[in-house]
Structure formats: structure tokens, C-alpha cells
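Tertiary structure, described
Given next are the chains, with one letter for each unit.
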Protein chains: 2
Amino acid sequence: MVTLYDSRLSGNGWKLRLLLSFLNRPYTRQILNLAEGAAGTPEFLRLNPLARVPVLVLDDGTPLIESNAILMYLAQGTRWFPSEPLAATRVTQWLFFEQYDHLKYFARPRFLVSIAKQQEQYADEIVYLRQIGQKALVALEAQLQQTPFLTGPDCTIADIALFPYTSMAEMGGYALQPFPALREWIARVQALPGFVPLIPQ
Amino acid sequence: MVTLYDSRLSGNGWKLRLLLSFLNRPYTRQILNLAEGAAGTPEFLRLNPLARVPVLVLDDGTPLIESNAILMYLAQGTRWFPSEPLAATRVTQWLFFEQYDHLKYFARPRFLVSIAKQQEQYADEIVYLRQIGQKALVALEAQLQQTPFLTGPDCTIADIALFPYTSMAEMGGYALQPFPALREWIARVQALPGFVPLIPQ
């Protein structure tokens, strides 16, 4: 069975737990306490020298890093990642968009505002990040005005990659009210069979 | 024939020109003048709503965006992107690393220092970006101390994605002298048959 090294509140780990659940694939979850430095131990750095979760360790001990690369690995050959080259590229475009235009601008404000509770101390940085993140919301809304999911009628790993931090945007002080198609998409993902919340009930 | 929408100095466009040349694949290059707003025209926004190069337009008029997604599309089935799932994942890991940990921290200082020549005005931002980019150089050096290219003995699209802005790091004020394996890797890529410089001779 594969082992997922995760933290309790990681949105990147949540991506993988969503896909593993949609695929109905069993796994062991190892929850690291990042605040206590669990990602910086020599044992963990052997799994990921970049000192961050998630890491997926395969049955033979091989560690995979980078949440979106792991999504692609797990989803290959399934309906969550089409194999036709152009359809696959429509998915990977969003995966790269998520890393360059999206992730940091949502994850960091959410951390500062709702987890570290350092909103005042980092007010300038939060404003700066949200100005960039706002453009990502506009891009997502424009696509979701046209299609139920990011690449068409079906949910793929593009949606799974963008769901966690978008759905938690308000924890970083974003307003989702101006984005009706995006809010419907969040509800659509949440309604999928196998959906799991960030914190298991 | 495919058409590459590019700018004269884009490192992301350079990635694609490197791969197209390595593949010996003919293409038409359309060079946009970004300083004159060529990426913001209605015609270009129909190709890429994110208003940036590169865009690759296929024979049938289909536009592809996101440089690393285009690298994957073009390299599929070639030796530049292995198809075995684990080997493919070793490549995609670096492609996502490039988008999250690398691109902005090299492209933006290079632009501010050597193209816009606004080093004084943006001194704080440049220092901030270089602090993050420095960690990416350390990660690249660590890998390249072990293998000639990022995923092993052969050059793949992982190397092509990371080559342009790493090789131009000094234009953003980075020092590459402390990274001997990385400097050898730059020379190794430059020596590959079909290598093309940023600005064609």
C-alpha cells in the first residue's frame, strides 16, 4: 500500500487525498506536525530534500514529490487524466497555472490570516499576494462560465489541483461572492462521489 | 507547420525553440513586442487570455499555452520525455519545481536588472526574490552533483525547462560561481547538437 506523508491542514496533501478517494485506492496517511519541524528531520529530507509535504511513498519505498506530478502519476490511465494528447495538454496547462499563478497567492494568505493569525504583521505581503491571486480567480471564473469543470464536462486532476486552495480562499481574506461560476464549481466538486473534506469527519 | 508566438528575449519562448530545434521540427516564429503591448491585443488574448508568450498554434489553429505543457505535448513519444511512468514523473517533478520554485525568482530579477534597468527602484523586491531563488540553485546543484542531467544521464524537457532562466541567472545579479556542477550542466546543454542561443546568430 502507498504511504502519503501529509500534514493535517495541507491543501497540497488534500489534492492527493481527494484523488486517492475518487480512485477508491487505499493508502496509509502519515500526518506530520510541520510547526514542530517534522519536515526538516534527516529522515524526511531523504524523502524530500525540499522539506515539504506531500510525499507519496510507493510500495517499493520510492518517494514521489510535487503534488501535481503525483496527481499525474496516480491518475494515468484513469478518467481523471485523459490520455489523448490535446485533452491531456488542456489538463497540464491548468496544473502549471496552479503552480505559477495560483498556489502561493492563496496558500500563503490563508496561512497568515487563518492559521498563523499574523494578519497585521504581514498586512503588506497579504495585500500584494491577493492582488495577484485575484487575477487567478478571474481566469478560473472565465473558464467556468464556459464549462462545468476546468477542461470540459468531466472533473479531472486539473480541478482536483485547483480545488483545495480555491475553496479555502476566504480563509485568506478573498471574497468569492463575485465569482458565481466558481462557487458553483466548488459545490460541484464537493458533490462528487468519494469527495473527502480537508479534515476527515 | 506550427507557429510559435514568442518575444525576442523570452526565456519561456526559448524553452520551446530549444526543443523544436532538438526535434528538428520546422516552425514559424512570430516575435511580439511586449513593451508595445502586443500581448494585450484582442487578437492575442483570443490565443492566450493570460496575455503572455509563448503560445504554440497547431496546424489546425488550436492554441496551446503554458510553456511546460507545450514542452510535454511536443516531446511526447520522443527521447526528450520518457514514457515509463516513474521516469516521466521524475521529469514532471522538475517541471512543477520550475514553475513554483524557480521561474519568477530568476525571470523577474533578470528583467528588472538587465532589461528594464530598474535595479535601484526595485532593490527590495530583487533581494527578496533572490533569497528564494538561491534555494532553487542549491536544489539544482545537489541533483547535478549526482547526475549529468536533472533526471539522469540524458537531457530531457526537465533540463530544457530549467535551462533558460538558470543560464541567464547572472543577468539578475545571481552568482553561479559557487555552483560548479550547475555550471558544467549549462555547458553540457549548450554543447548538445541542435542547441540554439536566445538570440539567433
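Because the structure is predicted, anything quoted here is derived from the model rather than measured.

About the cut-offs
Residues numbered from 1 in each chain as written. Chains lettered and ligands numbered in written order. Predicted model: local features only at pLDDT ≥ 70, side-chain atom pairs only at ≥ 80, totals over all residues. Heavy atoms only, no water. Helix = DSSP H or I, 4+ residues; strand = E, 2+ residues; numbered from the N terminus. Rg over C-alpha atoms; globule rule 2.2 N^0.38 Å. Buried < 20%, exposed > 50% of the residue type's maximum accessible area, 1.4 Å probe, protein only. Contact = heavy atoms within 4.5 Å. Areas by Shrake-Rupley, 256 points an atom, 1.4 Å probe, with all protein chains shown as cover. Lys, Arg positive; Asp, Glu negative; His and termini not counted. Charge placed at Lys NZ, Arg CZ, Asp CG, Glu CD. Domains from an automatic or database assignment. Buried area = accessible area lost by both parts, 1.4 Å probe. Pairing = 2+ DSSP bridges.

Within chain A one finds seven helices and four strands. The secondary structure elements of chain A, listed N-terminal to C-terminal, are β-α-β-α-β-β-α-α-α-α-α. Its C-alpha atoms give chain A a radius of gyration of 17 Å, near enough to 17 Å, the size a compact globule of 201 residues would have. Principal-axis analysis of the C-alpha atoms gives chain A an extent of 45 × 45 × 30 Å. Across the 201 residues of chain A, 51% fall into the buried class. Relative to all contacts within chain A whose residues are 6 or more apart in sequence, the contacts with residues 24 or more apart total 67%. Per element, the accessible surface of chain A, about 8900 Å² overall, is 53% carbon and sulfur. Averaging the coordinates of the 17 positive side-chain charges in chain A and doing the same for the 17 negative ones gives two points 2 Å apart.

Interfaces are frequently sized by the accessible area removed from exposure as the parts join. Residues and elements named next belong to chain A. Domain annotation of chain A identifies domain 1 (2-75) and domain 2 (85-190). Between domain 1 and domain 2, the C-alpha centre-to-centre distance is 21 Å. If you look at the interface, domain 1 gives 15 residues, while domain 2 gives 15 residues. Contact between domain 1 and domain 2 buries roughly 1200 Å² in total, counting both sides, with carbon and sulfur atoms accounting for 73%.

With that settled, consider the sheet that holds strand S3 (residues 55-57) of chain B. Residue and element names in this part refer to chain B. Taken in spatial order, the four strands make up an open sheet running S2-S1-S3-S4, and their pairing is mixed. Every interior strand has two partners, whereas the edge strands, strand S2 (27-32) and strand S4 (63-64), have only one. Sheet topology places strand S1 (residues 2-7) next to S3; three bridges connect them, and they run antiparallel. Its bridge partner lying in S3, Thr3 is registered against Val57.

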